[in-house]
Amino acid sequence: MSSILAKKLKVALIQMTSGADKTANLNHAKDFILKALSKEPKIDLTVLPECFNSPYAVTEFANYAEKIPGGESTEFLSSLAKEQKIIIVGGSIPELGDDGKIYNTSVTFDRDGKIIGKHRKAHLFDIDIPGGITFKESVTLTGGDKATTIDLPGFGTIGEGICYDIRFPELAAVAAREKNAFAMVYPGAFNTVTGPLHWHLLARSRAIDNQVYTILCSPSRNLSLNYHAFGHSLVVDPNGNIIAEAGEDEEIVIAELDPELITKTRAGIPVTVQRRFDIYGDWTKKVEPRAI
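Per an unreviewed UniProt entry, the protein goes by CYFA0S01e11408g1_1 and derives from Cyberlindnera fabianii.

Caption draft 1: Here's a closer look at the environment of Glu50. If you trace the backbone, Glu50 turns up in the loop between β2 (45-47) and α2 (61-64). On the basis of relative accessible area, Glu50 is assigned to the buried category, the value being 2%. Separated by 44 residues in sequence, Glu50 and Pro94 place their C-alpha atoms 9.7 Å apart. Polar contacts involving the side chain of Glu50 include one to the side chain of Lys121, which spans 2.9 Å. Side-chain polar atoms of Glu50 contact the backbone nitrogen of Ala189, separated by 2.9 Å.

Caption draft 2: The arrangement of the packing of aromatic side chains in detail. Tallied over the entire structure, the rule returns ten aromatic pairs. With a centroid separation of 4.5 Å and 80° between ring planes, the pair formed by Tyr56 and Tyr227 is classed as edge-to-face. Taken as a pair, Tyr56 in the loop between β2 and α2 and Tyr227 in the loop between β12 (213-217) and β13 (234-236) lie far apart in primary sequence, 171 residues in all. You can call Tyr56 buried: its relative accessible area is 10%. Under the relative-accessibility criterion, Tyr227 is labelled buried at 12%. Arranged with centres 6.3 Å apart and planes meeting at 70°, the rings of Trp199 and Phe230 form a pair that is edge-to-face. Of this pair, Trp199 sits in helix α5 (residues 194-210) while Phe230 sits in the loop between β12 and β13; the two residues are 31 residues apart in sequence, bridging distant segments of the chain. In this structure Trp199 comes out as buried when scored by relative accessible area, which is 1%. An aromatic cluster is built from Tyr56, Phe61, Phe125, Phe135, Tyr164, Phe168 and Tyr227, whose rings are joined through pairwise contacts.

The rules behind these values
- Residues numbered from 1 in each chain as written.
- Predicted model: local features only at pLDDT ≥ 70, side-chain atom pairs only at ≥ 80, totals over all residues.
- Heavy atoms only, no water.
- Helix = DSSP H or I, 4+ residues; strand = E, 2+ residues; numbered from the N terminus.
- Buried < 20%, exposed > 50% of the residue type's maximum accessible area, 1.4 Å probe, protein only.
- Polar contact = N/O pair within 3.5 Å; in protein donor to acceptor, adjacent residues only side chain to side chain.
- Phe/Tyr/Trp six-rings, centres within 6.5 Å; stacked < 30°, edge-to-face > 60°.

Put into structure tokens, the structure is as follows:
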């Protein structure tokens, strides 16, 4: 049984704090990526957090929104990927669409700086927890309308979601079952209420559901900001084990994804070939993921 991951992949998660200065945020991200590479030169893929170039605030999304491609953040990451010869999942940034709407969007770049993936957050974070937190992204954001898969040259396919997307298992199922994705990547900014409740549980669940690696990259926790991120960026293996995890502060997390573990996991507990579509159907056949 061959693996859907062609060879071992080394990933670095950049857990960082972003402030009000977009250019400073971009340079901060670059400093962390360079630090990660100095620590481990053989990194293949780096992942940034949700809204890494701006404050995470409904009132600020429009002020930081930019075109993709052509915007400051996109051009910055494209140059960095080309310069360092790494693949970058650019967390997410507020995007100003051609339709005039604002999206929460992640852009992925190959080693030549070319855009190979773009995911617009599909499920907007509109919650109201009594005694906890009220936050409504839909006040300024529009949800995307595509399931996203991205082909990483030389490795295979990943699926992507952003933060709240992880609560909806359908995106991961579509990526894993229809596009043979070996991992799901979620830049995300869970907070200090939702994080302790479900961050680890959801990451492990998506990994176990599909027997793939699951990667979550969070901003660091900074109590001087209005929005307090949970932190704890992590990597979960296909068995649901957390193999690498950050704390709350700024940190670099490095992990290696091994294709052999996917093969062993699926051989030992073969849910991928034991589903009873004759009983409950296969709804993923009705959805076409977007591969860029």
